Amino acid sequence: VVPIQTVADQNVDVKFAMLDGVNETGLDNVVAVMFKSEEGSFIVGYIAARMSKTGKVGFIGGIPNDTLFSFMYGYMAGVDYANAEQSTKVTCTTQWAESFSGASKGKSIARKMIADDIDVIFVAAGGTGVGVIEGCDEEHIWVIGVDMDQSYLAPNTVITSCLKRSDLVVAETSRQFIADEIEGGQTIYVGIAEGAVGIPEHHELIPDDIYNDTMALYALFEAGEMKVPVNKKEYEAYTPEIVI
């Protein structure tokens, strides 16, 4: 695959936009967009902690990288926030599957977590996640999907999903770049405030009070009042600040 930077350098009169990447070359005809995955993960971490009956939730990731770390630490921060807000002590167990295509391995990890009394699992692991969802569905344990609304895989088990609205971001970034409303040569970061990440509107499996409290968190992100850790260093320095 030819890198977009190479093609852009050879076609300076054409504008290019790329998702999930950083504009390392700074070319004027390229704009890059990165999702604030940690914000959506924070939201589902909050929901997981509020939904847990055992006081134990889990995270299963694919292959470790900076993006997946933002998912994991954002999720853990959401659990911490719920604990601080609700005076609870929900713990979070994390594990890497080391694969994005190992459905059977995902199911095996999920079953191990379930055997350890974990009752809500968030999975960000591509095809491996399908196995996690299947394992949770078979054991009647709550699971949270990623990137798209994955409730279609297990309607009675997937309580929500951490969405990445690539469709909206592609359309809006293209419009802005063509209209010269944004400059090339930069990397733009988009999150809840831009409507780029979040959860589905439908919430049949989430109690109304928890869903409404979650929507209140949306407002804090939109007002710029929430900061979420994206890596180990930031997470270790993170202290939930409850905004009344």
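First, a word on scope: everything that follows refers to the structure included in this document. In this text, all values refer to a predicted model and were calculated from it rather than measured experimentally.

In this section: the overall build of the protein. Per the secondary structure count, the protein includes eight helices and nine strands. Expressed as lengths along the three principal axes of its C-alpha atoms, the size of the protein is roughly 60 × 45 × 35 Å. Per-residue burial over the protein gives 48% buried out of 244 residues. Long-range pairs, those at least 24 residues apart, make up 66% of the contacts in the protein between residues at least 6 apart in sequence. Put simply, the protein shows about 11900 Å² of open surface, and 51% of that area lies on carbon and sulfur atoms.

Moving on to the layout of surface pockets. In this structure, the largest pocket occupies an estimated 240 Å³ of space. Tallying contributions element by element places helix α3 (residues 66-86) first for the lining of the largest pocket, with three residues. For the lining of the largest pocket, a count of residues per class yields four nonpolar, three polar and four charged.

Under the defined criterion, the tally for this structure stands at one cavity of 30 Å³ or more. The calculated volume of the largest cavity comes to roughly 30 Å³. Taken together, Ser37, Phe71, Asp147, Cys162, Leu163, Lys164 and Val197 form the lining of the largest cavity. Counting residues per element, the lining of the largest cavity draws most heavily on strand β7 (residues 158-164), at three residues. Looking at side-chain class alone, the lining of the largest cavity contains four nonpolar, one polar and two charged residues.

Here helix α2 (residues 37-51) crosses α3 at 40 degrees, and the two axes come no closer than 6 Å. When the axis of α2 is compared with that of α3, the two are oblique. Two packed elements cross with a definite hand, and for α2 against α3 that hand is right-handed. Together, Ser37, Glu38, Ser41, Phe42, Val44, Gly45, Tyr46, Ala48, Ala49 and Arg50 of α2 and Thr67, Ser70, Phe71, Gly74, Tyr75, Ala77, Gly78, Val79, Tyr81, Ala82, Glu85 and Gln86 of α3 make up the contact between the two elements.

Another point: the sheet that holds strand β1 (residues 16-19). On the basis of which strands lie adjacent, the open sheet formed by three strands has the order β1-β2-β8 and parallel pairing. Unpaired on one side and paired on the other, β1 and β8 (186-190) mark the two borders of the sheet. Direction aside, neighbouring strands of the sheet carry axes that sit 25 degrees apart on average. One ladder, built from four bridges, connects β1 with strand β2 (residues 30-35); its direction is parallel. In the strand pairing of β2, Phe16 is matched with Val30. Taken strand by strand, helix α6 (residues 166-178) contacts β1, β2 and β8, and its axis lies near 150 degrees from that of β2.

So, how was this worked out
Residues numbered from 1 in each chain as written. Predicted model: local features only at pLDDT ≥ 70, side-chain atom pairs only at ≥ 80, totals over all residues. Heavy atoms only, no water. Helix = DSSP H or I, 4+ residues; strand = E, 2+ residues; numbered from the N terminus. Buried < 20%, exposed > 50% of the residue type's maximum accessible area, 1.4 Å probe, protein only. Contact = heavy atoms within 4.5 Å. Areas by Shrake-Rupley, 256 points an atom, 1.4 Å probe, with all protein chains shown as cover. 1 Å grid on protein atoms, 1.4 Å probe; cavity = no way out; pocket = protein on both sides within 12 Å on 5 of 7 lines; lining within 4 Å. Points joined across faces, edges and corners; volume = space filled by probe spheres on them. Nonpolar A, V, L, I, M, F, W, Y, C, P; charged D, E, K, R; others polar. Axes fitted to C-alpha atoms, helices over the stretch in contact; angles between N-to-C directions. Parallel < 35°, antiparallel > 145°, perpendicular 65-115°, else oblique. Left-handed = near helix turned anticlockwise from the far one by under 90°. Pairing = 2+ DSSP bridges.

Everything listed here is a matter of geometry and, on its own, says nothing about what the molecule does.
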